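Descriptive structure summary
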Amino acid sequence: WNCPKCHYNNFGRNKRCHRCKTPKPSEEDGESNNPVLKRKFRSGDWVCPAPSCAHHNYKDNKRCFKCGTTPDQNIDVFNIKLEQEKKKSNLR
């Protein structure tokens with residue numbers, strides 16, 4: 001499942017996001033409408049790590065089909081969001 005907060009791609013068995021510890025959304029939370037969650041993943045498929053993309057890519061894709069990001073790029077969305085929140089709070 002794809003974390004709604006930080007967009008990290010988690011194993012289905014995880015009850016919380018491995019990266020940001022957000023609880024796994026239930027179908028009542030409306031996350032069943034998330035197109036990433038509806039896709040049928042095969043072994044080796046990957047979700048683009050770019051937070052504005054999160055495109056489902058087949059295992060043979062070396063770059064994201066939609067935005068060109070590579071699957072090994074470590075985009076730390078959680079810390080980016082924390083830094084943005086800190087900047088906003090400092091402006092107040």
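Each value, and the rule that gives it
Residues numbered from 1 in each chain as written. Predicted model: local features only at pLDDT ≥ 70, side-chain atom pairs only at ≥ 80, totals over all residues. Heavy atoms only, no water. Helix = DSSP H or I, 4+ residues; strand = E, 2+ residues; numbered from the N terminus. Phe/Tyr/Trp six-rings, centres within 6.5 Å; stacked < 30°, edge-to-face > 60°. Lys NZ or Arg CZ within 6 Å of the ring centre and 35° of its normal. Contact = heavy atoms within 4.5 Å. Buried < 20%, exposed > 50% of the residue type's maximum accessible area, 1.4 Å probe, protein only. Polar contact = N/O pair within 3.5 Å; in protein donor to acceptor, adjacent residues only side chain to side chain.

Section: unusual backbone geometry
- Unusually for a residue other than glycine, His-7 sits at a positive phi of about 70°.
- Position of His-7 relative to the elements: it lies in the segment before helix H1 (35-38).
- Despite not being glycine, Ala-54 has its phi angle at roughly 55°, a positive value.
- Tracing the sequence through the fold places Ala-54 in the loop between strand E1 (46-47) and strand E2 (56-57).

Structural notes on the packing of aromatic side chains
- Throughout the structure, instances matching the rule amount to zero aromatic pairs.
- Over the ring of Phe-11 we find Arg-13, and its NZ or CZ is 4.6 Å from the ring centre.

Some details on the environment of Lys-40
- Its place among the elements puts Lys-40 in the loop between H1 and E1.
- Linking Lys-40 and His-56, residues 16 residues apart in sequence, is a C-alpha distance of 9.3 Å.
- When near neighbours in sequence (up to four residues on either side) are disregarded, Lys-40 contacts Asp-45 and His-56.

Some thoughts on the side chain of His-56
- As for its position among the elements, His-56 is in strand E2.
- Residue His-56 is classed as buried on the basis of its relative accessible area, which comes to 10%.
- Of the polar contacts made by the side chain of His-56, one reaches the side chain of Asp-45; its length is 2.9 Å.

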